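Letter by letter, the chains look like this.
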Amino acid sequence: MNLFADIRALVIDALDAMTEAGALPAGLSLDNVTVEPPRDPAHGDMATNAAMVLAKPARAKPRDIAEALAERLGGDDRIASAEVAGPGFLNLRLAPSVWQGLVRGVLEAGMAYGRSDMGQGRRVNVEYVSANPTGPLHVGHTRGAVFGDALASLLDYAGHEVTREYYINDGGAQVDVLARSVYLRYLEALGREVAFEDGTYPGDYLIPVGEALAREKGEAWVDQPEEVWLEEARGFATDAMMDLIRADLAALGVEMDLFFSEKSLYGTGRIEAAIEDLRGKDLIYRGVLEPPKGKMPEDWEPREQTLFRSTAHGDDVDRPIMKSDGGWTYFAPDIAYHYDKISRGYDELIDVFGADHGGYVKRMKAAVSALSEGRVPLDVKLTQLVKLFKNGEPFKMSKRAGTFVTLRDVVDQVGPDVTRFVMLTRKNDAPLDFDFDKVLEQSRENPVFYVQYAHARVMSLLRKAEAAGIDTETSAFIAADLGKLDHEAELALAKKLAEWPRQVEIAARTHEPHRIAFYLYDLAGEFHGLWNRGHDLPELRFLQEGDPATSQAKMALPWATAVVISAGLGILGVEPAQEMR
RNA sequence: GGUCCCGUAGCUCAGCAGGAUAGAGCAGCCGCCUCCUAAGCGGCAGGUCGCAGGUUCGAAUCCUGCCGGGAUCGCCA
C-alpha cells in the first residue's frame, strides 16, 4: 500500500481520460509525472507537476491543463480539493477518510506496510566488511558493516533477493605476515624469548592463537624454517582470525550469507579463466604505462607489464594484473572474484568499501562492465571515516600505543542497537562523529533515544490501556471508529505515516539506508508533537478515561506509528525499545 | 598534477527522478513548565546553498570551469 502511488495512478487515469476526450494529444509520455508531498504543507497534502511536464509536448498552457485535470480529479471522493497554484502545480487535499483509512491499512498490513515490490525479485549481491583476516574489526569496519547490512535489509524490504557476502583477503602477503606473527606467539607460548619487529602484528589477540598452536604442535615447529610451518600456520591463523571476525559481526548482529575466500581462486584456474575471458575480448595486453600525470614517483622507470585495458570501460588508465615476478597483482583475484559473482547470475552487484579505496572504483566497474558485457551494474558505496569522541573530546587512536578502538569496544560500551543507529545518522560519504557519551544521552538531540522513546511511549500506552481493560489486539484497533481521528494534529501524524513506503523506495533506489534513520527521527518528532499537544488539549490524549471506544480509535494512531518504527528499525537492524530505563 | 568525495544558518547536518517562500537539532533571544503522558513545551531570530558561467518554463539538485578541504595515485591488499 502506497498512498502516493495510488493518487499518482488516479492522476494518470485522469490524464488518460483527458487524452481519450481529446483534451490532450495522444501519445504523450507520462513518465515524468510525479505526485509528491509539497515542501510547504500549506500547499496541501500532495502536489502533481503533471501540467508543467505536459505543457510543452501538448503545446498548451500549464494552467489550462491543470484546470482541466483539477476538474476531473475533483470527482473522486478521495480528493477534497484540487487547486492550481504557482507555475502550474496542482495541489491536492485529501479527505480525512483517506488518512483514517491509511491508519487502518497500516494496522492491517503490520510490519509489511511499506514493503515494496520495486525490486521485482532482482538478485542483488551486497559485499561488505571484507576486512583482511589479520585481526579484530575496528571502528571503520563497523561503519561499513552496519551500512552494508542495513542496505541489504533495505533492498530485501524493497523486493530484491539479496545475498550478503564477505570477501576474505586470505591470499596476499599480509597473511604471511600474520602467519609469522602467530609463529612468534607460538614460540612465546612455549617459553621462548621473541621480539616483534616491524612488519609483524604485535596485537595481544594473537596470544591465544599461538597458545592453541603450541598445544596442537608441541615443539615440532621450533627452530624450523618457514618451509615447514608457514603454509599451515597461515591456514591456522586465518581460520582463527575469521572466527574472531565472525564473532565480532555476531556481536553487532551481522550475519553473512557467504564468506568467499580469495585463496580459493589461486591454483584452481579461476583467476586464469577470468583473465582469459578478458583476453578473448582483446582487453589484456603487454605494454608500458605512462607515469602518473604531474606527480612523478622517484623510482619511476618504464616497465613492460601485463595490463587490463580498463580504459575501454571508462577507467582513466589501464591497470596491471601481473607483477614482474610473474605473480598476480591483487587486482587479478578481484577480477576473478567479481567474475564469479557475475557468473552466479546476479542482476546487480554492490561493493561497500572504505573511502580510502576510492581509487579502485573505476577499475572495478570497468572489470565488471567488461566481464558482464555491460549487463550487470556495479555500484560501489564508500563509507567515510568515523571520528571518535569521549564527552566532546577527540579520542585519539593509535595502533602503536595499543589504543585503537575495536568494534567490540564500541559494542560493549554502547550496545549493538545504539552502535547501528548512530552509524546511520550520516550519509555514507560524509564523515561521522561518534561520541561515546552523547550517543547514550537521553535527550531530543540524540536521534537514537528520540526514536526509541517514541516506540517505548506507545508500548507504555498499550500497557496502560490493557490495565484499563481496553482490548489492545490489533484487530480491535482496526475495528474501531477511526472517523474519530479528525483533528489536524492527528491527521498530520497519519500523513507522516503515509510517507513511509515512499521513503523506502527512495532509500532503496539511491542505496542510502541513512534515509530510513532520518525518516524515523522525523516520524518520532511528529509523534512526540502530538503527544505533547495532549498536555493542553485533553481530547488529543490517546487514552480517554471512561471511554474505551474513543480510546481504541485514538490508540490506533500510536499503534500504527509503533508498527512503522519497528519496521524501520528492523531495516536498520535495531531492536525497538519496550521501555526506557 | 590526475581521479574520486565533500563545501547549505554561528555549530553539526538533512534536502526526495530539477519544482513553489531551502529545512531540522544545537547554540542565541523571549515566554511557559502548582494541571498533565518524567527524560520539557511554545515562539522569535538566523541563508549571496563555496564562486562564475551554461542547460531549463524552473537549479542547492544536472553540465563546464575555478576556489577551499579530504582520500587516493604502476609489481601493497
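Fair warning: this is a prediction, and the values are worked out from it, not measured in the lab. (Residues numbered from 1 in each chain as written. Chains lettered and ligands numbered in written order. Predicted model: local features only at pLDDT ≥ 70, side-chain atom pairs only at ≥ 80, totals over all residues. Heavy atoms only, no water.)

Before going further, it helps to spend a moment on the environment of Ala5. Following the sequence through the fold, Ala5 ends up in helix H1 (residues 3-20). On the basis of relative accessible area, Ala5 is assigned to the partly exposed category, the value being 39%. Along the primary structure Ala5 and Pro501 are separated by 496 residues, whereas in three dimensions their C-alpha atoms are 9.3 Å apart. (Helix = DSSP H or I, 4+ residues; strand = E, 2+ residues; numbered from the N terminus. Buried < 20%, exposed > 50% of the residue type's maximum accessible area, 1.4 Å probe, protein only.)

Moving on: the packing of aromatic side chains. Per the counting criterion, the structure on display carries 17 aromatic pairs. With a centroid separation of 6.1 Å and an interplanar angle of 55°, the aromatic rings of Tyr157 and Trp500 are classed as tilted. A residue pair is termed long-range when its members are at least 10 positions apart, and Tyr157 in helix H5 (residues 139-157) and Trp500 in helix H16 (residues 500-510) qualify at 343 residues. By relative accessible area, which is 6% here, Tyr157 ends up buried. Among the aromatic residues, those joined into a ring-pair cluster are Tyr183, Tyr186, Trp221 and Trp229. (Phe/Tyr/Trp six-rings, centres within 6.5 Å; stacked < 30°, edge-to-face > 60°.)

Partitioning chain A into domains gives domain 1 (3-94), domain 2 (173-241) and domain 3 (442-572). Here the C-alpha centre of domain 3 lies 31 Å away from the C-alpha centre of domain 1. In this complex, domain 1 contributes six residues to the contact, which on the side of domain 3 involves four residues. The contact between domain 1 and domain 3 buries some 420 Å² in all, and 62% of this surface belongs to carbon and sulfur atoms. (Domains from an automatic or database assignment. Contact = heavy atoms within 4.5 Å. Buried area = accessible area lost by both parts, 1.4 Å probe.)

So, on to the pairing of strand E11 (residues 348-354). Counting buried positions along E11 yields six of seven residues, so the element is predominantly enclosed. Of the strand pairs in this sheet, strand E5 (residues 123-127) and E11 are connected by four bridges, and their pairing is parallel. Residue pairing across strands places Val124 opposite Glu348, the latter belonging to E11. Sheet analysis places E11 next to strand E12 (residues 378-383), joined by six bridges and oriented parallel. In the strand pairing of E12, Phe353 is matched with Leu382. Traced from E11 through helix H11 (residues 361-371) to E12, the parallel crossover comes out right-handed. (Pairing = 2+ DSSP bridges. Right-handed = clockwise from strand over helix to strand, strands pointing away.)

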